[in-house]
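Residue-level listing of the chains:
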Amino acid sequence: MKPGSTLDHQKHDAPMNIRLDPTATPFNLEHTLKCGQAFRWAKHGDWWYGVVSGKIIKLRQTPNKLQFETFPKKASINFVSRYFRLDDDLSHIYSKIDKDRHIHNAIRNLRGLRILRQEPWECLISYICATYKNIPAIRQMIFHLSKRFGKQMTLDNHDFYTFPTPKDLATASLQELKSCKLGFRAANISRTSQIIDHKKFDLEALENASYERAKRHLLSLPGVGQKVADCVLLFSTGKLEAFPVDVWMKRTMLKSYPDYFGKTFAEKASGITSISPSEYREINSFGRKYFGEYAGYAQEYLFACSRRRWQTAKHR
DNA sequence: ACATCCCCTTAGCC
DNA sequence: AGGCTAAGGGGAT
């Protein structure tokens, strides 16, 4: 086929398909994008829209395929497949983490939810923003940052913005950052961006480092503590054993697994609004030991399930 | 309407 | 070591 021919052009504009066999490749786009791991996806009509690697991705799922288009540049099936971790053997992962009725129930409700492979840089900044914020507010901050510092693109009458580069945020003034409603996080975003921009920290190297080494390294960045480090490791560098613990997870874990924690520790499961460093260590190491090498998947299913219960309870 | 609490926490202080 | 506290501002009640 000659480049530039009519057929070639049509092929370029046609949506691409990834075949999904529900038994061999369980996948649920809705669960994956709504569970709270990524903050920049929105549904317009039947389609989900997001920006990854400077491209708008538009996609929807039918019973046995994932249909997508990307703009302005065409992306490969491999690119989408990698982002959604379609190579993860979910059935195998389920068999490894399905240890009791709590996680069993979460898997039953959220079958097909996949951990994403987000870009480390965007994921890092997103979770520094996430410190002590609720999910709608996090989405707001990231939207403001992208609108202020990213490049605008338009598709189907919706505006999108690329995520700012390390240089964009490293050279922004504190005032400009604060105008994105970052609050006290602005200083951490600024310092961390400068470290990344000046090549004092190699985010790409995390992928090939062990969980422990990668985590220790991440903890050296301003605004990155235990929780943020575990989220970056799980959601962007493929460390599936990472087990982030936030207030939701603390409540969920103490409620579902009280026998594994000290009595006084477990008694005050409700009304929890904070986590001490020792509590983080205790819940995190329990989760990692109990669920094993795919503890991160267990975490995300329990997290999403408990949030979903709360969401539905709220509306009655 | 309006106050108050909460939020996928971190870092600095003691 | 580990407990206490402050830190935007929007969402939820």
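Calculation criteria
Residues numbered from 1 in each chain as written. Chains lettered and ligands numbered in written order. Predicted model: local features only at pLDDT ≥ 70, side-chain atom pairs only at ≥ 80, totals over all residues. Heavy atoms only, no water. Near = heavy atom within 4 Å. Polar contact = N/O pair within 3.5 Å; in protein donor to acceptor, adjacent residues only side chain to side chain. Helix = DSSP H or I, 4+ residues; strand = E, 2+ residues; numbered from the N terminus. Nonpolar A, V, L, I, M, F, W, Y, C, P; charged D, E, K, R; others polar. Buried < 20%, exposed > 50% of the residue type's maximum accessible area, 1.4 Å probe, protein only. Pairing = 2+ DSSP bridges. Axes fitted to C-alpha atoms, helices over the stretch in contact; angles between N-to-C directions. Parallel < 35°, antiparallel > 145°, perpendicular 65-115°, else oblique. Left-handed = near helix turned anticlockwise from the far one by under 90°. Contact = heavy atoms within 4.5 Å. Phe/Tyr/Trp six-rings, centres within 6.5 Å; stacked < 30°, edge-to-face > 60°. Lys NZ or Arg CZ within 6 Å of the ring centre and 35° of its normal. Salt bridge = Lys/Arg side-chain N within 4 Å of Asp/Glu carboxyl O. Arc of directions from axis to C-beta.

A. Here's a closer look at the protein's contact with DNA strand B. Around DNA strand B lies a shell of 27 residues, among which Gly-36, Asn-134, Gly-223, Trp-248 and Arg-251 are the nearest. The side chain of Tyr-132 places a nitrogen or oxygen atom 2.9 Å from a base nitrogen of DNA strand B. Interatomic distance of 2.6 Å between a side-chain N/O atom of Trp-248 and a phosphate oxygen of DNA strand B. Among the elements of the structure, helix 12 (226-235), helix 13 (247-256) and helix 16 (295-314) are those that each provide at least two residues to the surface near DNA strand B. Grouping the amino acids of the surface near DNA strand B by side-chain chemistry returns 12 nonpolar, nine polar and six charged.

B. View of the pairing of strand 6 (residues 152-155). Side chains of strand 6 alternate between two faces, with Met-153 and Leu-155 buried and Gln-152 and Thr-154 left unburied. Where strand 6 lies against strand 7 (residues 158-161), four bridges are found, and the strand directions are antiparallel. Following the sheet pairing, Gln-152 is matched in strand 7 by Tyr-161. Hairpin connection from strand 6 to strand 7: two residues lie between these consecutive antiparallel strands, with Asp-156 at a positive phi of about 50°.

C. View of the packing of helix 11 (residues 211-218) against helix 12. Two elements in contact, helix 11 and helix 12, have axes separated by 9 Å at closest approach and are oriented at 130°. Between helix 11 and helix 12, the angle is such that the two are oblique. Judged by the sense of rotation from one axis to the other, the crossing of helix 11 with helix 12 is right-handed. When helix 11 is examined against helix 12, the residues Tyr-211, Ala-214, Lys-215 and Leu-218 are found in contact with a partner set consisting of Gln-226, Ala-229, Asp-230, Val-232 and Leu-233. Within the contact of helix 11 with helix 12, the residues separate by chemical class into six nonpolar, one polar and two charged.

D. Highlighting the side chain of Lys-215. Tracing the backbone through its elements, the reader meets Lys-215 in helix 11. The class of Lys-215 is buried, set by a relative accessible area of 8%. At 3.0 Å, the side chain of Lys-215 and the side chain of Gln-226 are in polar contact. Apart from the residues lying within four places of it in its own chain, the contact partners of Lys-215 are Gln-226, Ala-229, Asp-230, Leu-233 and Tyr-280.

E. A look at the packing of aromatic side chains. Under the criterion given, the structure shown has 21 aromatic pairs. With 5.5 Å between their ring centres and 75° between their planes, Phe-27 and Phe-84 make a pair best called edge-to-face. Of this pair, Phe-27 sits in the loop between strand 1 (16-19) and helix 2 (29-34) while Phe-84 sits in the loop between helix 3 (77-83) and helix 4 (90-97), placing them 57 residues apart in sequence. The exposure class of Phe-84 is buried, given its relative accessible area of 0%. Summarising the aromatic geometry, the rings of Tyr-83 and Phe-84 are spaced 5.1 Å apart at their centres and angled 85° between planes, so their arrangement reads as edge-to-face. One exposure class covers both Tyr-83 and Phe-84, and it is buried. Ring pairs connect the aromatic residues Phe-243, Tyr-257, Tyr-260, Phe-261, Phe-286, Tyr-290 and Phe-291, which therefore count as one cluster. We note Lys-55 situated over the ring of Phe-79; from NZ or CZ to the ring centre the distance is 4.7 Å. Here Lys-58 stacks its cationic end above the ring of Trp-47, 4.9 Å away from the centre of that ring.

F. Broad picture of the pattern of salt bridges. The tally for this structure, following the rule as stated, stands at 11 salt bridges. In this structure, the salt-bridge partner of Glu-122 is Arg-40, at a minimum N-O distance of 3.1 Å. Here Arg-40 lies in the loop between helix 2 and strand 2 (42-44) and Glu-122 lies in helix 6 (residues 120-129), a separation of 82 residues in the sequence. Salt bridges here are not isolated pairs; linked through shared partners, they connect Glu-30, Lys-34 and Lys-43.

G. Highlighting helix 11. Buried within helix 11 we find Tyr-211, Ala-214, Lys-215 and Leu-218. End-on, the buried residues of helix 11 take up no more than an arc of 100°, which puts them together on one face. Looking at helix 11, the residues exposed on the side facing more than 90 degrees away from the buried face are Arg-213 and Arg-216. In this structure, the buried residues of helix 11 make contact with helix 6, helix 12 and helix 15 (277-291).

Nothing here speaks to function; it is geometry throughout.
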